[in-house]
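Summary of the model geometry
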Amino acid sequence: MSLDDAATKPHERMQTALSADLAAVNALIRARMASKHAPRIPEVTAHLVEAGGKRVRPMLTLAAARLCGYEGDAHQKLAATVEFIHTATLLHDDVVDESQKRRGRPTANLLWDNKSSVLVGDYLFARSFQLMVETENPRVLSILSNAAAVIAEGEVLQLTAAMNLATTEEIYLQVIRGKTAALFEAACEVGGVIAGKPDEVVQALATYGDGLGIAFQMADDLLDWGGSTGEIGKNTGDDFRERKLTLPVIRAVARADAAERAFWLRTIEKGDQRDGDLEEASALLQRHGTLEETRDEAFAWTARAQQALTVLPEHPLRDMMHDLADYVVARLN
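Described in the following lines is the structure provided in the data block. (Residues numbered from 1 in each chain as written. Predicted model: local features only at pLDDT ≥ 70, side-chain atom pairs only at ≥ 80, totals over all residues. Heavy atoms only, no water.)

**Describing the packing of aromatic side chains**
Applying the stated criterion to the full structure yields three aromatic pairs. Measuring from centroid to centroid gives 5.7 Å for F184 and F216, while their planes differ by 50 degrees, and the two rings are tilted. With F184 in helix α10 (residues 169–194) and F216 in helix α11 (residues 199–223), this residue pair connects regions lying 32 residues apart in the sequence. Judged by its relative accessible area of 2%, F184 falls in the buried class. One Lys or Arg, R331, reaches over the ring of F216 and ends 5.4 Å from the middle of that ring. (Phe/Tyr/Trp six-rings, centres within 6.5 Å; stacked < 30°, edge-to-face > 60°. Helix = DSSP H or I, 4+ residues; strand = E, 2+ residues; numbered from the N terminus. Buried < 20%, exposed > 50% of the residue type's maximum accessible area, 1.4 Å probe, protein only. Lys NZ or Arg CZ within 6 Å of the ring centre and 35° of its normal.)

In structure tokens form, the structure reads like this:
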């Protein structure tokens, strides 16, 4: 890797390496988000799709297919499928979470309304299934439709797990597999399937995607507490305010004495949050070492993802995927 390469982020190097594929995917997305009868559909979709997301998930599909030597164009349809599923879930999430900002812009539910966001999300799910079917590959259809079900299941599980001190690490892992890792896993896996690779290679890609997605979400959850140092700033503490039980909190609750448990009961289960509670919560996580532990967990999932890549052929794209796994947790250093 040259110094110039090292200076750019892994997803940016991937964008350059896959520029022709990405241009085709973007054209496909624009064409398929059109609607002859309901102009609001492309309006709402364009607001989110063109908001400057990194397109990491569809890029992983393209990278996995090209890494496996695929020469056709069905991987472009799969990448567009993955982006449509992701966009649909974001539209729905913003309604559920009553969000007002996404990627630095007002959310679709704020600019239009909740009904439009939900229905356009449904339309994009339908479009994603049309694209899957066009690949005429039943295994691809099975993987992506299963991922869509796991994503929805994870979102519902999160509703019941939030505000409930009985939430376990196992449930937390199920939630983040649903909300994040399932689509990363499927995005990578279908790249190997469309390239016709043997099960060992396809499974390695799936394991990479799963590990990457879990590390990514754990890092996000940790950064919401200001990272492993617990430095609370103006953009931290959203999960606490929304009473979500992420790994640092779950472990701190498990080790809490009677007074600490009463604090968590008041702030998380009852939602009675007062001035200074966020700082107190952060101090408890520091006291029990759960922020540092969560950082270690995220790095362990990164290592698992990178280990899976060793099964795959040597290729510049494999190196970029390896570096991408480092990049998602580099924010924690």
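**Quick notes on the packing of helix α9 (residues 138–161) against α10**
Where α9 meets α10, the closest approach of the two axes is 7 Å, and the angle between their N-to-C directions is 165 degrees. Between α9 and α10, the crossing angle belongs to the class labelled roughly antiparallel. Classified by chirality, the crossing of α10 by α9 is left-handed. Per-class residue counts for the contact of α9 with α10 are 16 nonpolar, four polar and five charged. (Axes fitted to C-alpha atoms, helices over the stretch in contact; angles between N-to-C directions. Parallel < 35°, antiparallel > 145°, perpendicular 65-115°, else oblique. Left-handed = near helix turned anticlockwise from the far one by under 90°. Nonpolar A, V, L, I, M, F, W, Y, C, P; charged D, E, K, R; others polar.)

**Focus on α11**
End to end, α11 covers 36 Å across 25 residues, agreeing with the expected 36 Å (1.5 Å per residue, within 8%). Burial analysis of α11 places 19 of its 25 residues in the buried class, which makes it a mostly covered element. (Expected span 1.5 Å × (residues − 1).)

**Quick notes on the state of the cysteines**
All chains considered together, the criterion is met by zero disulfides. The cysteine C68 is free of any disulfide, with C188 supplying the nearest cysteine sulfur at 10 Å. C68 gets classed as buried once you look at its relative accessible area, which sits at 6%. (Disulfide = S-S within 2.5 Å.)

**Considering unusual backbone geometry**
With a phi angle near 55 degrees, E136 is a residue other than glycine that sits in the positive phi range. With respect to the element layout, E136 can be found in the loop between α8 (114–134) and α9. Positive phi, normally seen in glycine, also occurs at R243, with a value near 65 degrees. In this fold, R243 is placed in the loop between α12 (238–241) and α13 (247–254). In this structure R243 comes out as buried when scored by relative accessible area, which is 18%.

Interpretation in functional terms is not warranted from these geometric data alone.
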